Amino acid sequence: MQRVVCPGSFDPVTNGHLDIVSRAAGLYDEVIVAVLINVTKHSLFSVDERVDMLTEVTKGYGNVRIERFHGLLVDFCAANGITAVVKGLRAVSDFEYEMQMAQMNYRLAKIETLFMTTNPLFSFLSSSLVKEIAKYGGDVSGLVPDIVLDRLHARLAEE
Ligand code: PNS
């Protein structure tokens, strides 16, 4: 049983995230999407909301499970029988930080990290940019799933 994790903040999940999760689901027996509970970082959506959206947009995959975690990713991996982390790499700019985390996670607990190059259609995409563009009235349709688009507009209308 090959169980891997796609960790992140997912505030909110984008089509770039979904691309990586769906491709990982095609390669491994089980993919756990793990949402980081980060109390210090200001987020637009609560962890529950992020988990809800992820659950909705991945419901078509029989082998994808959504979880939340806090503390070290390697501890979450050990507690859940996960041997590898799967991450998307958008551009060279992602590489330095991702490599540092990958090497540290290996040093801490021999957890492997596998990098997948993102679909070039999404190589410019990030949750932060989506939030910023939507906040100022820009069009982010096609960059996030439709249910996320609706929730994004509803949340920004409240502010
Ligand atoms: O979507 P993000 O915010 O880029 O995801 C970053 C994440 C959650 C993968 C990373 O911050 C993480 O693994 N945090 C858990 C804490 C941890 O294990 N830190 C040490 C990393 S070497």
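Before reading further, recall that the structure is shown in the block above.
Residues numbered from 1 in each chain as written. Predicted model: local features only at pLDDT ≥ 70, side-chain atom pairs only at ≥ 80, totals over all residues. Heavy atoms only, no water.

What about the site of the ligand?
Using the following cut-off: Any residue with a heavy atom lying within 4 Å of a molecule or strand is counted as near it. With residues, only the protein chains shown are counted as cover, and all accessible areas are computed by Shrake-Rupley using a 1.4 Å probe. Using a grid of 1 Å spacing that covers the protein atoms alone, one calls a set of points a cavity when a 1.4 Å probe fits there but cannot get out, and a pocket when the set is open and has protein on both sides within 12 Å along at least five of seven lines; lining residues are those with an atom within 4 Å of a point. More than half of a molecule's atoms within 2 Å of the grid points is what it takes for that molecule to sit in a cavity or pocket. Secondary structure elements follow DSSP: runs of H or I of four or more residues count as helices, runs of E of two or more count as strands, with numbering from the N terminus.
Neighbouring the ligand are 13 residues; Gly8, Ser9, Gly71, Leu72 and Leu73 lie closest to it. A total of 560 Å² of accessible area belongs to the ligand in isolation, and the protein chains cover 73% of it. Under a 2 Å grid-point criterion requiring more than half of the atoms, the pocket assigned to the ligand is the largest pocket. Looking at the shell around the ligand, the elements with two or more residues in it are strand 1 (3-8) and helix 4 (92-109).

Description of a nonpolar patch on the surface
Note the cut-off: Within the patch definition used here, like charges are joined within 9 Å and nonpolar side chains (Val, Leu, Ile, Met, Phe, Trp, Tyr) within 5 Å, considering only residues with over 30% relative accessible area and no salt bridge. Criterion for a salt bridge: a side-chain nitrogen of Lys or Arg within 4 Å of a carboxyl oxygen of Asp or Glu.
On the surface, a nonpolar cluster with roughly 290 Å² of combined accessible area is contributed by Leu72, Met104 and Leu108. Note on placement: Leu72 falls in the loop between strand 3 (64-69) and helix 3 (73-79).

Re helix 6 (residues 146-158)
Inclusion rule: Multiplying 1.5 Å by the residue count of a helix minus one yields the expected span of that helix. Partly exposed describes any residue whose relative accessible area lies between the buried limit of under 20% and the exposed limit of over 50%, with all areas from a 1.4 Å probe on protein chains only and scaled to the type maximum. The directions from the helix axis to the C-beta atoms are what the arc is built from. Contacts are assigned to residue pairs that have any heavy atoms within 4.5 Å of one another.
The end-to-end C-alpha separation of helix 6 is 19 Å, in line with the 18 Å expected for 13 residues at 1.5 Å each. Along helix 6, the positions that sit buried rather than exposed are Val148, Leu149, Leu152, Arg155 and Leu156. Looking straight down helix 6, one finds that the buried residues subtend no more than 135° of arc, so they occupy a single side. Turned more than 90 degrees away from the buried face of helix 6, the exposed residues are Asp146, Asp150, Ala157 and Glu158. Against the buried residues of helix 6 lie helix 2 (47-57) and helix 5 (127-135).

Re the nonpolar core
Nonpolar side chains in soluble globular proteins generally cluster together in the buried interior. This is how it is decided: Nonpolar core, defined: a set of buried Ala, Val, Leu, Ile, Met, Phe, Trp, Tyr and Cys residues in which side-chain atoms within 4.5 Å join the residues together.
With 36 residues, the main nonpolar core has Val13, Val31, Val33, Val86 and Leu152 as its most contacted residues. Mapped onto this core, the elements with two or more residues apiece are strand 1, helix 1 (15-27), strand 2 (30-36), helix 2, strand 3, strand 4 (84-89), helix 5 and helix 6. The next biggest cluster of nonpolar side chains, apart from the first, holds 11 residues, and it includes Val5, Ala34, Leu73 and Phe76.

Remarks on the packing of helix 2 against helix 6
Which entries qualify depends on this criterion: For helices, the fitted line uses only the C-alpha atoms of the stretch in contact; every axis is such a line through C-alpha atoms, and the angle between N-to-C directions lies from 0 to 180 degrees. The labels follow the angle: roughly parallel below 35 degrees, roughly antiparallel above 145, roughly perpendicular from 65 to 115, and oblique for the rest. Think of it as three bins: nonpolar holds Ala, Val, Leu, Ile, Met, Phe, Trp, Tyr, Cys and Pro, charged holds Asp, Glu, Lys and Arg, and polar takes everything else, Gly as well.
Contact pair helix 2 / helix 6: the axes reach a minimum separation of 10 Å and the direction vectors enclose 155°. Compared by their axis directions, helix 2 and helix 6 come out roughly antiparallel. Here Glu49, Asp52, Met53, Glu56 and Val57 of helix 2 come into contact with helix 6, specifically with Ile147, Val148, Arg151 and Arg155. Residues that form the contact of helix 2 with helix 6 fall into these classes: four nonpolar, no polar and five charged.

Here we look at the pairing of strand 4
So the rule is basically this: The pairing criterion is simple: DSSP has to find at least two bridges between the two strands. For crossovers, right-handed means that the path from the first strand over the helix to the second runs clockwise, given strands pointing away from the viewer.
Within strand 4, five of the six residues are buried, leaving the element largely enclosed by the surrounding structure. Here strand 4 pairs with strand 5 (residues 112-117) via six bridges, running parallel. Directly across from Gly88, in strand 5, lies its bridge partner Met116. Once the chain exits strand 4 it traverses helix 4 before rejoining the sheet at strand 5, and the crossover so formed is right-handed.

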